There are 2 protein chains.
Amino acid sequence: MRRDVFQAIADPTRRAIIMLLAVGALTPNAIAENFDSSRQAVSKHLRILTECEILTQEQKGREIHYHLNAGKMKDLEKWLEQFKQLMAKRFDQLDTVLEQLKSKGK
Amino acid sequence: MRRDVFQAIADPTRRAIIMLLAVGALTPNAIAENFDSSRQAVSKHLRILTECEILTQEQKGREIHYHLNAGKMKDLEKWLEQFKQLMAKRFDQLDTVLEQLKSKGK
DNA sequence: TATGTTTGCAACCGATTGGTTTCGTAAATG
DNA sequence: CATTTACGAAACCAATCGGTTGCAAACATA
C-alpha cells in the first residue's frame, strides 16, 4: 500500500482535515462535525493520514486528539521546489537562445 | 471523475512524467522509454494529465508532442502556501502565549 | 499501393478507494 | 453497577485505478 503525502492530499476531505488541524488539534468527533460524511468515514481518513505520519495521536481519557505533523509536508514542498527549479532552468536556456538570436540579428 | 492537480500527482509515474516534461516536450514513445510499463500504460497517464490541463498536445505529423503547462501547478502551490500561512499564524499565536507567560513571570 | 510506425481507444482484470453499517471496547457518567 | 459516549476495527459495497492485450486510424516510407 502506497502511503505518502502525495496520496494523502489527493482526497479533498483529507486536504480539508489537514487545514482544520493546521489551526489546532481536534478529536475525531469534532473533525467529523465539519463534514457531511459519517464519523467512521472521517476516522478512516484519520487512519490514512496517521499512517502517512502527517497526523499524530494523543490519547486523553477516552478522547483522542489528532495533531498535525507539519514536518511531513516538507516532502511535498521539496518535490514542488525541485519542479520549480527545473522550470527555471528551462527558462534560462530559453533566455540563452533568445540572446543568441539577438546577437545574430546584429 | 475528479480531475485535479492533487489527484494527478498522487501517482509516482505521473510525477516522473511531469519532471521529464519540465525539461522539454516529448512524444509518448520517448516518454515510455523511461519507464518499465508499456506504452499504453504511459498513454493513459498522459490522457489523465491532459484532462487535468497539466499537459497540452501538439500534433506534428503522426507524432504528438506533449508540453507541460506549468501554470496548472499553481493550484498545488496555492494550497501549500495557504497551509503554510495557517501554520505560521498558529506559531504567532503560540508566540503570543509564550510572551504572556513571560510577562506574567515578571 | 503495400508496409511499417506512431498513436489513441476499448475491453478486460485484479487491487485499491471511499463510503456505509455493524460491532466491540474502554472511559465517563448517573 | 447500568448507561451513555468516544472511538477503532471489520465486513461489505460500488466505483475507480493502473495495468494489460488487441485493435483501428493516421501518417511516413518503400
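As recorded in an unreviewed UniProt entry, chain A goes by Transcriptional regulator and comes from Portibacter lacus.

Caption draft 1: Broad picture of the packing of helix 2 (residues 12-23) of chain A against helix 4 (residues 39-51) of chain A. All names here are of chain A. With their axes 10 Å apart at the nearest point, helix 2 and helix 4 run at an angle of 75° to one another. When the axes of helix 2 and helix 4 are compared, the pair comes out roughly perpendicular. Only Val42, His45, Leu46, Ile48 and Leu49 of helix 4 make contact with helix 2, whose side of the interface consists of Thr13, Arg14, Ile17 and Ile18. Considering only residue class, the contact of helix 2 with helix 4 consists of six nonpolar, two polar and one charged.

Caption draft 2: Summary view of the relation of the copies chain A and chain B. The two copies are related by a screw operation: chain A maps onto chain B through 180° of rotation and 0.0 Å of translation along the axis, at an RMSD of 0.1 Å. Both copies are brought into coincidence by an operation consistent with a two-fold rotation axis. Residues of chain A ranked by C-alpha distance from the rotation axis are headed by A:Ala10, positioned 3.0 Å from it. By residue overlap, the copies meet face to face through one surface: 100% of the interface positions of chain A are interface positions in chain B.

Caption draft 3: Representation of the protein's contact with DNA strand D. Taken together, 24 residues are adjacent to DNA strand D, and A:Ser43, A:Tyr66, B:Ser38, B:Lys44 and B:His45 come closest. Among the atoms of DNA strand D close to the protein, meaning within 4 Å, 64% are from sugar or phosphate groups. Here a phosphate oxygen of DNA strand D and a side-chain polar atom of B:Arg14 are 3.1 Å apart. At 2.7 Å, a side-chain N or O of B:Ser38 approaches a phosphate oxygen of DNA strand D. The set of elements that each furnish at least two residues to the surface near DNA strand D consists of helix 3 (28-32), helix 4 and strand 2 (63-68) of chain A together with helix 4 (39-51) of chain B. Per-element accounting of the surface near DNA strand D gives the leading share, five residues, to helix 4 of chain A. Partitioned by chemical class, the residues of the surface near DNA strand D number four nonpolar, 10 polar and 10 charged.

Definitions and limits used
Starting from 1, residues in each chain are numbered consecutively following that chain's sequence as written. Whichever chain is written first is A, and whichever ligand is written first is 1; the rest continue in order. Confidence filtering applies because this is a predicted model: local features only for residues at pLDDT of at least 70, side-chain atom pairs given and counted only at 80 or more, and all residues used for totals across whole chains, interfaces and linings. Computation of side-chain values covers all heavy atoms of the structure but excludes hydrogens and water. Simply put, an axis is a line fit to the C-alpha atoms, just over the touching stretch for a helix, and the angle between two N-to-C directions goes from 0 to 180 degrees. We count a stretch as a helix when DSSP gives it H or I for four or more residues in a row; a strand needs E for two or more, and each element gets its number in order from the N terminus. Each angle gets one of four labels, with under 35 degrees taken as roughly parallel, over 145 as roughly antiparallel, 65 to 115 as roughly perpendicular, and the rest as oblique. Any two residues whose heavy atoms approach within 4.5 Å are treated as being in contact. All amino acids are sorted into three groups, where Ala, Val, Leu, Ile, Met, Phe, Trp, Tyr, Cys and Pro are nonpolar, Asp, Glu, Lys and Arg are charged, and the leftover types, Gly among them, are polar. Least-squares fitting of one copy onto the other uses the C-alpha atoms of those residues that reach a pLDDT of at least 70 in both copies. The nearness test applies per residue and asks whether one of its heavy atoms lies within 4 Å of the molecule or strand. In protein, a polar contact requires one atom able to donate a hydrogen and another able to accept it; more generally it is a pair of N or O atoms within 3.5 Å, and residues adjacent in sequence count only if both atoms are side-chain atoms.

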